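Chain residues, written in single-letter form:
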Amino acid sequence: MIVSIAMAVYNGEQYIRQQLESFISQDRLPDELVICDDGSTDGTVKIIEDMMVSFPFKVRLYKNEWNLGYCKNFEKAISICEGDLVFLSDQDDFWFKDKISTLCNWMEERPNLLIAQSDMEITDSNLLSSGVTQLNNFLGLGYTKNDFITGCGAVIRKKLLQVALPFPDSGWGHDNWLFSIGFNIGQTDVYERPLMYYRRHGSAASNHFASSVKKLSKWDALKKSGLSDATIGWKNEIQRCQDVSERICAAVESGLCPSNSNIINDNIRKLSLKIDALNYRIFIVGIPRWRRFFSAFLFWLRDGYKPFKGWKSFIKDCIRP
């Protein structure tokens, strides 16, 4: 099994040396490391070039002619990788020495897994652990394991990339797109033991609420989401559902995905139903509050809120501004 690491970097001189050192210290070394630099103006490239001559595995460094942005830079790095398994890496974290070996073994034992990720310990800028893990924060906020998506902990099977590449141009994050495709054409999962330090600092590219160094709860989620206007988010979600559905249908038509798969056909149907449900929720909150209850109640009786938070979403729709 060939193992690749796809690493996207940009002005990461402060922390990148430690991340690269964690690759060298793996008890199962990668076969290749592909690094795409997105036009760094600091010492990032110099650090990489100085270190790569002594790496015990193949390293390929690509310097973009112009800035592609975070997502497209990852897309480029992933597309260049030759591995059967591709690990994604940010520039500022730190991998435990058994991360590659553990996830390789885990994926080998589960041939139906297309994409997976490990939990991670959240740390401060000096890698001092907060005692909190990213997965526990997601679960504490009331989400499920299926909602836990962080690209820096991911490992991807080549079979998934044949469907997921190229990325759409409609504002997706690279990790959300990969996990959405993986979930809808096969299986995804989470290895629940932390296998890396997830460094939080002022210039971190990801600022998800669940990355807080304090332990989070459902009350924190309620305070964060509140009852604000959700229509823009719903419209974005409709676009995402359409993107996933169109890509999977194209993959089925081209033979990359089986046309007789019950999982795939059922998920395409669910995506269509979710699009209809989101459009109807937009309609509900677009009418005056005093007229919403009856429409929302009928929608609830028809299981329209099933893809969301059930009765909680029903109540929110009745009282949103």
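Our subject is the structure listed above.
Just so we're clear, the structure is a prediction, and the values are computed from it rather than from any experiment. (Residues numbered from 1 in each chain as written. Predicted model: local features only at pLDDT ≥ 70, side-chain atom pairs only at ≥ 80, totals over all residues. Heavy atoms only, no water.)

Draft legend 1. Expanded view of the environment of Arg247. The topology assignment puts Arg247 in helix 9 (residues 231-254). Considering only alpha carbons, one finds Arg247 and Phe87, 160 residues apart in sequence, at a separation of 23 Å. Residue contacts for Arg247: discarding those within four places in its chain leaves Val163, Ala164, Leu165, Pro166, Phe167, Pro168, Trp177 and Ile181. (Helix = DSSP H or I, 4+ residues; strand = E, 2+ residues; numbered from the N terminus. Contact = heavy atoms within 4.5 Å.)

Draft legend 2. The arrangement of the pairing of strand 2 (residues 32-37) in detail. Counting buried residues in strand 2 gives six out of six residues, a clear majority hidden from the surface. The two faces of strand 2 match: Glu32, Val34 and Cys36 on one face and Leu33, Ile35 and Asp37 on the other face are all buried. As defined by bridge partners, strand 1 (residues 3-9) adjoins strand 2 across six bridges and the pair is classed as parallel. Within the sheet, the bridge partner assigned to Val9 lies in strand 2 and is Asp37. For the crossover that starts at strand 1, traverses helix 1 (residues 16-24) and ends in the parallel strand 2, the hand is right-handed. Here strand 2 runs beside strand 3 (residues 58-63); their pairing, made up of six bridges, is parallel. Bridge assignment links Cys36 to a residue of strand 3, and that residue is Tyr62. The β-α-β motif built from strand 2, the intervening helix 2 (residues 44-52) and the parallel element strand 3 has right-handed crossover chirality. (Buried < 20%, exposed > 50% of the residue type's maximum accessible area, 1.4 Å probe, protein only. Pairing = 2+ DSSP bridges. Right-handed = clockwise from strand over helix to strand, strands pointing away.)

Draft legend 3. Inspection of the side chain of Asn184 at higher detail. Tracing the backbone through its elements, the reader meets Asn184 in helix 7 (residues 174-185). A relative accessible area of 7% means that Asn184 is categorised as buried. One polar contact links the side chain of Asn184 to the main-chain carbonyl oxygen of Ser180, over a distance of 2.8 Å. Leave out the neighbours within four places in its chain, and Asn184 touches Val244, Ile248, Ile263, Ile264, Asn267 and Leu271. (Polar contact = N/O pair within 3.5 Å; in protein donor to acceptor, adjacent residues only side chain to side chain.)

Function cannot be inferred from these measures alone, as they are strictly geometric.
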